[in-house]
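# A structural walkthrough
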Amino acid sequence: MEGEEDTMGTARGSAMWSNGGGPGDDEEVVEAEQQKQQRPIASGDHMDVEAYAGLYSGRTRIVRLMFIADRCGNPSTQMEALRMAYDEIKEGEDTQLHREVVKKIDGRLGPGYELDHVWADAVDRRAEQRKEKLESELNSYKTNLIKESIRMGYNDFGDFHYAHGMLGDAFKSYVRTRDYCTNSKHIIQTCLNVILVSIEMGQFMHVTNYVSKAEQASEVLEPVTVAKLKCAAGLAHLEAKKYKLAARKFLETGIELGNQYSEVIAAQDVATYGGLCALASFDRTELKNKVIDNINFRNFLELVPEVRELIHDFYASRYATCLEYLENLKETLLLDIHLHDHVETLYTLIRHKAIIQYTHPFISVDLHTMADAFKTSVSGLEKELEALITDNQIQARIDSHNKILYARHADQRNATFQRVLQTGVDFDKDVKAMLLRANLFKHEHNAKATRKFGFI
Amino acid sequence: MEDSIEALVAHVQALSGTPEDLTHLHSLLKQREDSLHSQASQLLPFFEHLDPSKHSLGYLYLLEAASSGTIVREQASEFLVIASNFVDTCSAEQIRLAPDKFISVCKRIKDQVILLQMPIRGIVPLRTAIRKLQSSSERLTSLHPDFLILCLLAKCYKAGLSLLGDDIIEVDQPRDFFLYFYYGGMINIGLKRFQKALECLHNAVTAPMAQLNQMAVEAYKKYILVYLIYNGQVPSLPKYSSSAAQRNLKNYAQPYVDLANSYASGKFSELESCIETNREKFENDKNLGLVRQVVSSLYKRSIQRLTQTYLTLSLEDIARRVQLQTAKEAEMHVLRMIQDGEIFATINQKDGMVSFIEDPEQYKTCEMVEHIDLSIQRIMTLSKKIRAYDEQISCDPSYLSKIGKERTKFDMDDFDPVPQKFL
């Protein structure tokens, strides 16, 4: 078992290495893309779990692997993910997670992947000892009233809890360090720790809070820290379905991020999240100015050529290829721990945007050509258009007989007349009703007065 | 005793000229009221001696006394003739001296025509009576609801319109108010003037009330149904409606609220099943007819939505999108809507295509200009009325005393540290 773990370790190490650098990474993604294009239906089958896991470090790697195992329909990928998660957990100290993953594996990976009582007991024992030690240390710091030591003590506690998967306790400990911060660096550290834990707990309110706290903390932040904070804020906005704000945050993320925030997010993710959110929420000029002409973000996009391509396709109105790219990406995105919930919404938004943009410059559009461009049937397209027109997102009407879409330019004059008359009628009605009610009140008042004083 | 009635008749004949005489006569009649009531059955012969147009006040007292007892079926017809004739010819100034008596006579007319199952006979007399009783057409009388219910019973909805056209602003009795607007709503529904119906029902539903009453609840049920037919969705009650209504109305009209919800889903199956489960309640409320109209309005609404999105569409497609069975049915619906002016379209029967066209109204015709002009005039009169009202209220003593009280209280709080209760 020991040997196996070692080989795994090296394998992972190499994957990490190949993903860490720019050019190597490109190659791999392109390769994956080619695989996808060969068999586009089941792109999830070909998900390179190792390469994916290599992008992340710390607990998020385990959590992401488990997530993939839960979501992926393909047993081999699932097993692969679980195996890696198992190995990874063994290197850490979270016995709870160990039990969980063993339960999920359910003996399907052979004798090497069963519940390891010896290991778990040892870890738990060690944890108990460590906890006692930390407690006594912290107490002595507290009696001595040395701020910095107390802070360190709490911090150690936080780290300890975090490593053992007790996120709530870790959160509390990290938050407590805040009271003992003596300089802005400490505050930043506190904030980053809290953000890390909160993201894993899914408490994105805290994330937003602590991002703003960190940003206010000091005048000059390191570029890496700034980038980290932007990412965290972007994630929080994404989670809150504020796609436009999320897109802005991701787009502002500096390239300094590199792979230094791998315990939360990979640079590739910044490109994907930012790109998709921008497509879904930006208008054309914004897309051009803030995404395509954004030199900083271009560096991120280079890491995920598909997203770069699909954004360019979208902007160049090559909707068919754009949508195809999106479709190919979908399986992988659905396995992403942050994006999976939003994939459908974002995709619909992007598709609608594409349809609206397509129709915008024309007075009349042939539905057959348009259906070709969107790789759909005429009747399907008609339905989508109908929904958009009903929503007032496209000002046009469909000639279903000749299958042509005609733009409709609202007649301002007529509309104004109509509105004026309607307003008049409404006003008339409302005022009369109001006078009537006023009179009823008056009557009631008088009646009360009569009753009270007994005269007529 | 007979003498005294004769004497009274003689008084009436003598004292019906000048206003002073009439005041004198009025006090005389008031004194004799009880004895007249006790002799109700013997009064009929004396009507011949009086002229309803000249001796209206006396005639009214006699008539009221005569009708106060139970009227047997044989006499009913005779009573109706006399009373109708009286209402028709009486002098408005004289009867306004005793409005209670006049109202009670008219209510007897209403009761009698309903008993005789000839509500149509009461319509004209009551309308005349209302006009004579009203000091202005903006005043609601107790006879308004009676008149409307006769119109409803006789199914003479058009006759009801002559009154409903007036803008009622002054109200004496809240009960009359609720009934008037509830019946008014029903008459407008009968004529399919849904917008007007909504106005009426809206008044009944949103009126200030301390507790819910049955009239408001029934009005609210119809309010929901008519909103669905006319507009497709029911707005929530406005803020100014009474808290009693806002809190409780929905609980009393649950089947109707459910109906509105299933209507909002746009699915016929859901709507039908909702109607099926609540059928009995709708039937008991006598609203099943309106509920049926709600169903057919869903078809209309779907077709109307299509006109917003399509220029041409085949009848089959319409049928499919609107969830109708056959193209033929769709054609009927479209045809009817074109006839009613609800959509603008042409049907090409050769290839089964419907072409929707835009509203041809260009707002350029003389009629339109005139219409707009009239609307402006209307709004201007209205704003004058509001100003007059404002002035009237700012001169109202009870309003002023309330404002004054509040102001002093405010001042006290501002300047005196000792709370008021200690003063």
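Quick notes on the rules
- Each chain carries its own residue numbering, running from 1 in the written order of its sequence.
- Ligands are numbered from 1 and chains lettered from A, in the order in which they are written.
- Reporting in this predicted model follows two pLDDT cut-offs: at least 70 for local features of residues, and 80 or more for side-chain atom pairs to be given and counted; totals over whole chains, interfaces and linings ignore these cut-offs and use all residues.
- By convention in this description, side-chain values take in all heavy atoms of the structure and omit both hydrogens and water.
- Working definition: helices are DSSP H or I runs of at least four residues, strands are E runs of at least two. Numbering for both runs from the N terminus.
- Burial classes: relative accessible area under 20% of the type maximum marks a residue as buried, over 50% as exposed, and values in between as partly exposed (1.4 Å probe, protein chains only).
- We call two residues in contact when some of their heavy atoms are within 4.5 Å.
- Throughout, the Shrake-Rupley method with a 1.4 Å probe supplies accessible areas, and for residues the shown protein chains are the sole cover considered.
- Counted as salt bridges are all cases of a side-chain nitrogen of Lys or Arg within 4 Å of a carboxyl oxygen of Asp or Glu.
- Values labelled buried area give the accessible surface lost by two parts on being combined, using a 1.4 Å probe and summing over both.
- Think of a polar contact as two N or O atoms within 3.5 Å of one another; within protein, one of them needs to be a possible hydrogen donor and the other a possible acceptor, and neighboring residues in sequence only count if both atoms come from side chains.
- Ten residue types, Ala, Val, Leu, Ile, Met, Phe, Trp, Tyr, Cys and Pro, are classed as nonpolar, four, Asp, Glu, Lys and Arg, as charged, and the remainder, Gly among them, as polar.
- For every element, the axis is a line fit to its C-alpha atoms; helices are fit only across the contacting stretch, and the angle between N-to-C directions ranges from 0 to 180 degrees.
- Each angle is binned into one of four classes, with values under 35 degrees roughly parallel, values over 145 roughly antiparallel, values of 65 to 115 roughly perpendicular, and all other values oblique.
- Handedness of a helix crossing follows the sense of rotation of the near helix relative to the far helix, less than a right angle counterclockwise being left-handed and clockwise being right-handed.
- Joining through side-chain atoms within 4.5 Å is the link that ties buried Ala, Val, Leu, Ile, Met, Phe, Trp, Tyr and Cys residues into a set, and such a set is a nonpolar core.
- Classification of ring pairs uses Phe, Tyr and Trp, with its six-membered ring standing for Trp, and accepts pairs whose centres are within 6.5 Å; under 30 degrees between planes counts as stacked, over 60 as edge-to-face, and the remaining range as tilted.
- Geometrically, a charge over a ring is one whose NZ (Lys) or CZ (Arg) sits within 6 Å of the ring centre while staying within 35 degrees of the ring normal.
- UniProt positions are given in the numbering used here, feature names are shortened, and annotations may be inferred rather than shown by experiment.
- Values of pLDDT, ranging from 0 to 100, describe the predictor's confidence in every residue of the model.
- Disulfide: a pair of cysteine sulfur atoms within 2.5 Å of each other.
- Should DSSP find at least two bridges between two strands, the strands are taken to pair.
- Multiplying one less than the number of residues by 1.5 Å gives the expected span of a helix.
- It is the directions from the helix axis to the C-beta atoms that the arc portrays.

### A word on the overall build of chain B
Along the backbone of chain B there are 21 helices and three strands. Counting all 423 residues of chain B, 46% fall into the buried class. Looking at chain B alone, contacts between residues at least 24 apart form 65% of all its contacts between residues at least 6 apart. With an accessible surface of roughly 22,200 Å², chain B has 53% of that area assigned to carbon and sulfur atoms.

### Some remarks on the overall build of chain A
A tally of helices and strands in chain A yields 22 helices and three strands. The buried share of chain A, reckoned over its 456 residues, is 47%. Within chain A, contacts between residues separated by at least 24 positions form 62% of all contacts whose residues are at least 6 apart in sequence. Looking at chain A as shown, the accessible area adds up to about 22,300 Å², and 53% of this sits on carbon and sulfur atoms.

### A word on the pattern of salt bridges
A full pass over the atoms with the stated rule returns 41 salt bridges over all chains. A salt bridge links Asp146 of chain B to Lys110 of chain B; the nearest nitrogen and oxygen atoms lie 3.2 Å apart. With Asp146 of chain B in helix 9 (residues 143-154) and Lys110 of chain B in helix 7 (residues 99-115), the pair connects residues that are 36 residues apart, well separated along the chain. Note that Arg131 of chain B and Asp166 of chain B form a salt bridge whose closest N and O atoms lie 3.1 Å from each other. Within this pair, whereas Arg131 of chain B is found in helix 8 (residues 120-133), its partner Asp166 of chain B is found in the loop between helix 10 (157-164) and helix 11 (174-190), the two being separated by 35 residues in sequence. A relative accessible area of 36% means that Arg131 of chain B is categorised as partly exposed. Several salt bridges share partner residues, and in doing so they unite Lys244, Arg248, Glu286 and Lys290 of chain A into one network.

### Points about the side chain of Ser242 of chain B
Topologically, Ser242 of chain B is positioned in the loop between helix 13 (214-230) and helix 14 (243-252). Not counting chain neighbours up to four residues away, the residues in contact with Ser242 of chain B comprise Thr206, Ala207, Pro208 and Met209 of chain B.

### A look at the interface of chain B and chain A
Every contact between the two is made by 51 residues of chain B and, on the other side, 37 residues of chain A. The contact between chain B and chain A buries some 4,000 Å² in all, and 59% of this surface belongs to carbon and sulfur atoms. Of all residues in chain B, Pro208, Thr309 and Tyr363 of chain B bury the most surface against chain A, accounting for 17% of the area lost on that side. Our count for the contact surface shared by chain B and chain A stands at four salt bridges. Between Arg321 of chain B and Glu382 of chain A there is a salt bridge whose closest N-O contact spans 3.4 Å. Counting the contacts that link chain B with chain A gives 18 residue pairs in polar contact (both at pLDDT 80 or more). At the level of elements, helix 11, helix 12 (194-206), helix 17 (288-309), strand 1 (310-314), helix 18 (315-322), strand 3 (353-356) and helix 20 (366-394) of chain B are the ones that each hand at least two residues to the side of chain B that touches chain A. Grouping the constituent residues of the side of chain B that touches chain A by class yields 23 nonpolar, 13 polar and 15 charged.

### Let's talk about the packing of helix 15 (residues 254-265) of chain B against helix 16 (residues 268-284) of chain B
Residue and element names in this part refer to chain B. Direction vectors running N to C along helix 15 and helix 16 enclose 165°, while the axes themselves pass 9 Å from each other. Between helix 15 and helix 16, the angle falls in the class roughly antiparallel. Every pair of crossing elements has a handedness; the one defined by helix 15 and helix 16 is left-handed. On helix 16, the residues that touch Pro255, Tyr256, Asp258, Leu259, Ser262, Tyr263 and Ser265 of helix 15 are Glu270, Leu271, Cys274, Ile275, Asn278, Lys281 and Phe282.

### Observations regarding the nonpolar core
If you look at soluble globular proteins, the nonpolar side chains tend to sit buried side by side. Phe102 and Ile318 of chain B are the most contacted members of the largest nonpolar core, which has 214 residues in total. By residue number, the principal contributor to this core is helix 13 of chain B, which donates twelve residues. Ignoring any residue separated from it by four or fewer positions in sequence, one finds Phe102 of chain B in contact with Leu60, Phe86, Val87, Cys90, Ile95, Ala129 and Leu133 of chain B. Judged by nonpolar contacts, the second largest core, of 28 residues, contains Leu65, Met79, Ala81 and Val102 of chain A.

### Details of the packing of aromatic side chains
Applying the stated criterion to the full structure yields 22 aromatic pairs over all chains. Ring centres of Phe177 of chain B and Phe178 of chain B lie 5.5 Å apart, and the angle between their planes is 85°; this geometry places the pair in the edge-to-face category. According to the relative accessible area criterion, Phe177 of chain B is buried, its value standing at 1%. Classification of Phe178 of chain B by relative accessible area gives buried; the value is 5%. Geometrically, the ring pair formed by Tyr180 of chain B and Phe181 of chain B is edge-to-face, given 5.0 Å between the ring centres and 75° between the ring planes. The structure contains a cluster of three or more aromatic residues connected by ring pairs, namely Phe314, Tyr319, Tyr358, Phe362 and Phe374 of chain A. The residue whose ring lies beneath Arg437 of chain A is Tyr240 of chain B, and the NZ or CZ to ring-centre distance is 3.5 Å.

### Re the UniProt feature "coiled-coil region" (unreviewed entry) in chain A
Under the UniProt annotation, the feature "coiled-coil region" (unreviewed entry) is placed at residues 124-151 of chain A. Here residues 124-151 of chain A runs as 93% helix and 0% strand, with 25 Å between its end C-alpha atoms.

### Section: the confidence of the model for chain B
Residues and elements named next belong to chain B. In the predicted model, chain B carries a mean pLDDT of 84, and 95% of its residues have values of at least 70. Mean pLDDT across the elements of chain B ranges from a minimum in helix 21 (residues 397-415), with 65, to a maximum in helix 13, with 92. Every residue in residues 412-423 scores below 50 in pLDDT, and together they form six contacts with partners more than four places removed in sequence or on other chains. Two numbers describe this predicted complex: its pTM, 0.67, and its ipTM, 0.77.

### Digging into the state of the cysteines
Residues and elements named next belong to chain B. One pass over the full model with this rule turns up zero disulfides over all chains. As a non-bridged cysteine, Cys90 has Cys106 as the owner of its nearest cysteine sulfur, 8.1 Å distant. The exposure class of Cys90 is buried, given its relative accessible area of 3%. Given the relative accessible area of 0%, Cys106 is considered buried.

### Examining the sheet that holds strand 3 (residues 404-407) of chain A
Backbone-to-backbone hydrogen bonds pair the strands of a sheet. The strands run either parallel or antiparallel. Strand order in the open sheet formed by six strands is 1(A)-3(A)-2(A)-1(B)-3(B)-2(B), and the pairing between neighbours is mixed. In this open sheet, the two strands that pair with only one neighbour each are strand 1 (364-366) of chain A together with strand 2 (345-348) of chain B. The average undirected angle you get between the axes of adjacent strands in this sheet is 20°. Note that strand 2 of chain B and strand 3 of chain B share four bridges and pair antiparallel. Within strand 3 of chain B, the residue paired with Ile347 of chain B across the bridge is Val354 of chain B.

### Observations concerning the environment of Thr285 of chain A
Residue and element names in this part refer to chain A. Structurally, the position occupied by Thr285 is in helix 15 (residues 284-292). Residues Thr285 and Tyr315, spaced 30 residues apart in sequence, show a C-alpha to C-alpha distance of 9.7 Å. A distance of 3.0 Å separates the side chain of Thr285 from the side chain of Asp283, its partner in a polar contact.

### Regarding helix 11 (residues 204-217) of chain A
Residues and elements named next belong to chain A. An ideal rise of 1.5 Å per residue puts 20 Å on 14 residues; helix 11 measures up with 20 Å between its terminal C-alpha atoms. Every buried residue belonging to helix 11 is among Phe204, Val207, Tyr210, Val211 and Ala214, and all of these are buried. Viewed along the axis of helix 11, the buried residues span an arc of 115°, placing them on a single side of the element. Counted as exposed and oriented over 90 degrees from the buried face of helix 11: Met205 and Gln216. Each element contacted by the buried residues of helix 11 is listed here: helix 9 (167-177), helix 10 (184-201) and helix 12 (223-239).

### Looking at the environment of Ser198 of chain A
All names here are of chain A. Relative to the helices and strands, Ser198 is located in helix 10. Sequence spacing of Ser198 and Tyr210 is twelve residues, and the spatial spacing of their C-alpha atoms is 9.7 Å. Excluding anything up to four places from it in sequence, Ser198 contacts Phe171, Gln203, His206 and Val207.

### Concerning the environment of Thr307 of chain B
Tracing the backbone shows Thr307 of chain B in helix 17. For Thr307 of chain B, a relative accessible area of 10% translates into the label buried. Each C-alpha atom, one on Thr307 of chain B and one on Phe356 of chain B, is 5.9 Å from the other, the two residues being 49 residues apart in sequence. Not counting residues up to four positions away in its chain, the partners in contact with Thr307 of chain B are Arg397 of chain A together with Ile343 and Phe356 of chain B.

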